[in-house]
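Coordinates in review
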Amino acid sequence: MENEQVYKQTIVRKRIALVAHDSRKQELKEWVEYNKDVLKTCDLYATGTTGTILQECFITDECTKYSGVKLVSYTNTIHKLHSGPLGGDQEIGAMIANGKLDVVIFFCDNLITQGHAQDIQALSRLASLYNVAYANNRTTADMIITSPLFSDPNYEMKIPACIEKYASRFNEQN
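Read on for an overview of the structure.

1. Side note on the overall build of the protein chain
A tally of helices and strands in the protein chain yields 7 helices and 9 strands. Expressed as a percentage of contacts within the protein chain between residues at least 6 apart in sequence, the contacts between residues at least 24 apart total 74%. Accessible surface, the protein chain: about 10,400 Å² in total, of which carbon and sulfur atoms supply 52%.

2. Quick notes on helix α1 (residues 25-34)
Residues of α1 that are buried: Lys-25, Leu-28, Trp-31 and Val-32. For α1, the angular spread of the buried residues around the axis is 120°, confining them to a single face.

3. Notes on the environment of Lys-14
Within the secondary structure layout, Lys-14 lies in the loop between β1 (5-9) and β2 (15-20). Under the relative-accessibility criterion, Lys-14 is labelled buried at 6%. Residues within four places of Lys-14 in sequence aside, it is in contact with Cys-42, Asp-43, Asp-102, Leu-149 and Phe-150. At 3.4 Å, the side chain of Lys-14 and the backbone oxygen of Phe-150 are in polar contact.

4. Some remarks on the nonpolar core
Among the nonpolar cores identified, the biggest contains 22 residues, and Ile-16, Leu-18, Leu-28, Trp-31, Val-32, Leu-44 and Ile-105 are the most heavily contacted of them. Among the secondary structure elements, those contributing two or more residues to this core are β2, α1, β3 (43-47), β7 (103-107) and α6 (138-146). With sequence-adjacent residues up to four places away left out, Leu-18 is seen in contact with Leu-28, Trp-31, Val-32, Leu-44, Tyr-45, Ala-46, Thr-47, Thr-50, Leu-54 and Ile-105.

5. Brief notes about the pairing of β7
Of all the 5 residues making up β7, 5 are buried; the element is thus mostly covered by neighbouring parts of the structure. Note: β7 against strand β8 (residues 133-135), 3 bridges, orientation parallel. Opposite Val-104, over in β8, you have Tyr-134 as the bridge partner.

6. Regarding the packing of α1 against α6
At their nearest, the axes of α1 and α6 sit 11 Å apart, and the two run at 25° to each other. With respect to their mutual orientation, α1 and α6 come out roughly parallel. Every pair of crossing elements has a handedness; the one defined by α1 and α6 is right-handed. In contact with Glu-27, Glu-30, Trp-31 and Tyr-34 of α1, α6 contributes Arg-138, Ala-141, Asp-142 and Ile-145. Among the residues forming the contact of α1 with α6, the class breakdown is 4 nonpolar, no polar and 4 charged.

7. Some thoughts on the sheet that holds strand β6 (residues 78-81)
Judged by pairing direction, the sheet is parallel, and its 5 strands sit side by side in the order β6-β3-β2-β7-β8 without closing on themselves. The open sheet has two free edges, formed respectively by β6 and β8, since each of these has just one partner strand. Mean inter-strand twist for the sheet, computed between neighbouring axes without regard to direction, equals 20°. Taken together, the 4 bridges between β2 and β3 define a ladder with parallel strand orientation. From the neighbouring strand, Leu-18 faces β3, where its bridge partner is Ala-46. The sheet contacts of α6 involve β7 and β8, and relative to β8 the element is tilted by about 150°.

8. Let's talk about the pattern of salt bridges
A pair can form between side chains of opposite charge whenever their charged atoms are brought close. Considering all chains together, one arrives at 7 salt bridges under this definition. Between Asp-102 and Arg-15 there is a salt bridge; the shortest N-O distance is 3.1 Å. In this pair, Asp-102 sits in the loop between α4 (88-97) and β7 while Arg-15 sits in strand β2, placing the two residues 87 residues apart along the sequence. Like Asp-102, the residue Arg-15 is buried in the burial classification. Asp-22 is the partner of Lys-25 in a salt bridge, and the nearest nitrogen-oxygen pair spans 3.6 Å. Asp-22 sits in the exposed class, given a relative accessible area of 65%.

Calculation criteria
Residues numbered from 1 in each chain as written. Predicted model: local features only at pLDDT ≥ 70, side-chain atom pairs only at ≥ 80, totals over all residues. Heavy atoms only, no water. Helix = DSSP H or I, 4+ residues; strand = E, 2+ residues; numbered from the N terminus. Contact = heavy atoms within 4.5 Å. Areas by Shrake-Rupley, 256 points an atom, 1.4 Å probe, with all protein chains shown as cover. Buried < 20%, exposed > 50% of the residue type's maximum accessible area, 1.4 Å probe, protein only. Arc of directions from axis to C-beta. Polar contact = N/O pair within 3.5 Å; in protein donor to acceptor, adjacent residues only side chain to side chain. Core = buried A, V, L, I, M, F, W, Y, C linked by side-chain atoms within 4.5 Å. Pairing = 2+ DSSP bridges. Axes fitted to C-alpha atoms, helices over the stretch in contact; angles between N-to-C directions. Parallel < 35°, antiparallel > 145°, perpendicular 65-115°, else oblique. Left-handed = near helix turned anticlockwise from the far one by under 90°. Nonpolar A, V, L, I, M, F, W, Y, C, P; charged D, E, K, R; others polar. Salt bridge = Lys/Arg side-chain N within 4 Å of Asp/Glu carboxyl O.

Below, the structure is given as structure tokens:
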């Protein structure tokens, strides 16, 4: 059937990609800091320096050992990918296509032309195609993580049947 849905049980521990262009990194950091109690229960992925900047939001303890080496502990680890233009956007796209992300939060700067604009458009397209929640501003990000469905263990993400149909289109001809 054309309207038939393929169901995928959404993992309770949400997998979220966090991305921000340079002019919006501080805004994303403030958003993460504000929402860190929710986000520390999630698996987080971030591109390039965004990941390093955001990791500071999860520092729980800093101490300096007698050797002068600073030890830091975190409430959550952010898995750092490549910088967006250097392949990080592509890595996130692959994670979407392989069912390894539930949410993409991408604070992009739409006032300047990006050299990797096609990669950015591809992320939006893949998120739409695979039915992955996608926020490109703070309001949408807030709406996603405050939705009752965000923490509902019984919520099932619906993947359009057209994806499987397209993937197996040559198998049907044999």
